[in-house]
Amino acid sequence: MAAFEIRDLHKIYGRDVHANDGLDFAIEAGEVFGILGPNGAGKSTLVQQMVGLSVPTSGEIRLHGERVRAHDRRVRQAVGYLAQRPLALFDLRVREAVVATGRLRGLGRSAAEREAKELLDEIGLLDRQDRLVGNLSGGEHRLVGIATALVGSPPILILDEPTNELDPVARRRVWDMLMRRREAGTTIILVTHNVLEAERVVGRVAIMARGRISAIGTPGDLKERLNAKVRLEIALREDGPDVGEWLAGARQIGERRFSLTLDRPRLGEALQHLAGPAVSAQIDDLRIVSPSLEDVYLAYHDTEGHSDAH
Ligand code: ADP
Ligand code: MG
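Residues numbered from 1 in each chain as written. Chains lettered and ligands numbered in written order. Predicted model: local features only at pLDDT ≥ 70, side-chain atom pairs only at ≥ 80, totals over all residues. Heavy atoms only, no water.

A.B. asks: Tell me what's going on with the sheet that holds strand β3 (residues 32–36), and back it up with residues and numbers.
C.D. replies: One open sheet accounts for six strands, arranged β6-β7-β8-β3-β9-β10; its pairing is mixed. Of all the strands in the sheet, the pair left with one neighbour each is β6 (79–82) and β10 (212–217). Across the sheet, the mean angle from the axis of one strand to that of its neighbour is 15°, orientation sign disregarded. Along the sheet, helix α6 (residues 168–183) contacts β3, β7 (156–160) and β8 (187–192); its crossing angle with β8, the most-contacted strand, is approximately 145°. (Pairing = 2+ DSSP bridges. Helix = DSSP H or I, 4+ residues; strand = E, 2+ residues; numbered from the N terminus. Axes fitted to C-alpha atoms, helices over the stretch in contact; angles between N-to-C directions. Contact = heavy atoms within 4.5 Å.)

A.B. asks: Please give an account of the site of ligand 1 that cites residues and values.
C.D. replies: By nearness alone, every residue bordering ligand 1 is listed as Tyr13, Val17, Ala19, Pro38, Asn39, Gly40, Ala41, Gly42, Lys43, Ser44 and Thr45. Separating an oxygen atom of ligand 1 from a side-chain N or O atom of Lys43 is a distance of 2.8 Å. Alone, ligand 1 offers 560 Å² of accessible surface; in the complex the protein occludes 58% of this. Sorting the residues of the shell around ligand 1 by element identifies β2 (17–28) and α1 (43–50) as the ones contributing at least two each. Tallied by class, the residues present in the shell around ligand 1 amount to five nonpolar, five polar and one charged. (Near = heavy atom within 4 Å. Polar contact = N/O pair within 3.5 Å; in protein donor to acceptor, adjacent residues only side chain to side chain. Areas by Shrake-Rupley, 256 points an atom, 1.4 Å probe, with all protein chains shown as cover. Nonpolar A, V, L, I, M, F, W, Y, C, P; charged D, E, K, R; others polar.)

A.B. asks: Talk me through a negative patch on the surface; I want residue IDs and the actual numbers.
C.D. replies: On the surface, a cluster of negative charge is contributed by Glu238, Glu255, Asp284 and Asp285. Structurally, Glu255 can be placed in the loop between β12 (251–254) and β13 (257–263). (Patch = residues over 30% accessible without salt bridge, like charges linked within 9 Å, V, L, I, M, F, W, Y side chains within 5 Å. Salt bridge = Lys/Arg side-chain N within 4 Å of Asp/Glu carboxyl O. Lys, Arg positive; Asp, Glu negative; His and termini not counted. Charge placed at Lys NZ, Arg CZ, Asp CG, Glu CD.)

A.B. asks: So what's going on with the pattern of salt bridges? Which residues, and what values?
C.D. replies: When charged atoms on two side chains of opposite charge get close, those side chains can pair. Under the criterion given, the structure shown has 20 salt bridges. Measuring nitrogen to oxygen at the nearest pair gives 3.1 Å for the salt bridge that ties Arg67 to Glu60. Among the residues examined, Arg67 registers a relative accessible area of 36% and is labelled partly exposed. A residue is classified by how much of its surface remains accessible, and Glu60, at 19% relative accessible area, is buried. (Buried < 20%, exposed > 50% of the residue type's maximum accessible area, 1.4 Å probe, protein only.)

Below, the structure is given as structure tokens:
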């Protein structure tokens with residue numbers, strides 16, 4: 001049975017902010033599922049409804065086959081949730097926050113104490129265990145949020161941008177922790193706009209833009225679909241004159257560096273053009289790149305959710 005089913009989900013804020021605009025998909029038990037998309041795509045809105053903290057305008061969400069209700073008790077037992085902005089914990093000490101959440105998930109006092117200690121050790125916060133959460137740095141605060149999501153070993157984790165604000169060491173530690181849970185069969189739903197991180201860990205991914213899903217599949221599938229495309233990375237000489245109209249449609253990726261995505265059949269034509277005397281004199285470096293998940297993301301994003309690469 002699916003862990004989550006989302007059926008024709010709409011969420012409208014106020015009169016006309018269509019934050020979720022007809023979402024339809026399922027997440028199977030045991031999956032590591034990525035929800036990718038730019039700021040404002042509707043990702044946090046979606047997961048808030050999945051955990052019953054926000055009520056859909058229409059459509060439905062099922063958890064293990066049963067409809068999720070507002071403040072659903074089943075969610076508290078089955079789902080460890082890290083909000084994008086965890087607010088509830090400020091007045092607690094680090095260890096208390098984790099213990100209290102474990103108790104809410106049904107652990108006895110001593111089991112909760114023991115697990116909190118193990119988790120804080122695993123996540124690198126044991127020396128902060130008596131601090132007030134509200135006094136921690138942004139990254140430490142997020143780590144406490146992750147520890148509370150994990151305590152009691154819920155079968156499903158929903159983490160909204162878990163590695164934002166984390167330094168590289170903490171980030172690595174968190175990924176390792178999540179991968180251990182995945183090995184143990186935990187379903188992991190990961191909201192992120194960090195495509196490079198996601199590519200390494202997710203089994204399937206939904207790419208969201210403007211409240212809709214513009215593509216869904218394994219990173220491999222999505223890249224395959226994009227294989228009809230090819231990307232050129234072009235670095236221009238510093239002293240070169242104006243880039244000219246042949247770079248119209250290119251995306252700037254650095255100082256004097258541009259990225260141009262083409263249909264594969266047009267590659268020959270483009271290279272011929274770039275090799276012409278007027279243009280080639282301006283070019284410092286030229287690379288032909290096969291698509292990464294980041295290219296997939298940008299390709300679907302650039303077409304505003306109406307990509308012909310569907
Ligand atoms: P994401 O998590 O992908 O960045 P959000 O789900 O947070 O996107 O937001 C989607 C859209 O809904 C945005 O336009 C945002 O401004 C709007 N929005 C989010 N939460 C609210 C809210 N509580 N009230 C009104 N508008 C909201
Ligand atoms: Mg968000």
